[in-house]
Amino acid sequence: QVQLVESGGGLAQPGASLRLSCAASGFTFSASHMSWVRQAPGKGLEWVSSIYNGGGNTFYADSVKGRFTISRDNAENTLYLQMNSLKPEDTAVYYCARGMTYDYWGQGTQVTVSS
């Protein structure tokens, strides 16, 4: 079955960096576009970034453009999100999801940005 397992979240100070990982299994990862979405406390889901299956095309929400970098390792079936210059408004549960319509989700990893 499809499994997506996020890791790498935690508590970070404003301006710090974190790297999220998402280990994928149960489907052909290299054939699948992938996305990161997040949900801040008391708010709805927000798309963060997407990457095409080959890794050559990436897309970002304006709120994270220039600070976050999405990447993937198709040999390791792993999706990444490098988050730099973190802000308190980046505090959220971060989910990796398959595709651009998010047909499968992971359990999420909490990112808290606070001094």
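Conventions used here
- Residues numbered from 1 in each chain as written.
- Predicted model: local features only at pLDDT ≥ 70, side-chain atom pairs only at ≥ 80, totals over all residues.
- Heavy atoms only, no water.
- Core = buried A, V, L, I, M, F, W, Y, C linked by side-chain atoms within 4.5 Å.
- Buried < 20%, exposed > 50% of the residue type's maximum accessible area, 1.4 Å probe, protein only.
- Helix = DSSP H or I, 4+ residues; strand = E, 2+ residues; numbered from the N terminus.
- Contact = heavy atoms within 4.5 Å.
- Salt bridge = Lys/Arg side-chain N within 4 Å of Asp/Glu carboxyl O.

Caption draft 1: Representation of the nonpolar core within the structure. In this structure, Trp36, Phe68, Leu79, Leu81, Met83 and Tyr94 are the most contacted members of the largest nonpolar core, which totals 27 residues. Looking at this core, the elements that each hand over two or more residues are strand 3 (18-25), strand 4 (34-39), strand 5 (45-51), strand 7 (68-73), strand 8 (78-83), strand 9 (92-98) and strand 10 (109-113). If you tally residues by element for this core, the top one is strand 3, at four residues. Beyond its immediate chain neighbours, meaning those up to four positions away, phenylalanine 68 contacts Arg38, Val48, Tyr60, Leu81, Gln82, Met83, Asn84, Leu86, Asp90 and Tyr94.

Caption draft 2: Focus on the pattern of salt bridges. Summed over the entire model, instances satisfying the criterion amount to five salt bridges. One salt bridge in this structure joins arginine 38 and glutamate 46, with 2.7 Å as the shortest N-O distance. Of the residues examined, arginine 38 reaches a relative accessible area of 5% and is grouped as buried. Look at glutamate 46 and you get partly exposed, because its relative accessible area is 30%. With its nearest N and O atoms 3.2 Å apart, the salt bridge here joins aspartate 62 to lysine 65. Among the residues examined, aspartate 62 registers a relative accessible area of 68% and is labelled exposed. By sharing partners, the salt bridges in this structure join Arg38, Glu46, Arg67 and Asp90 into a single network.

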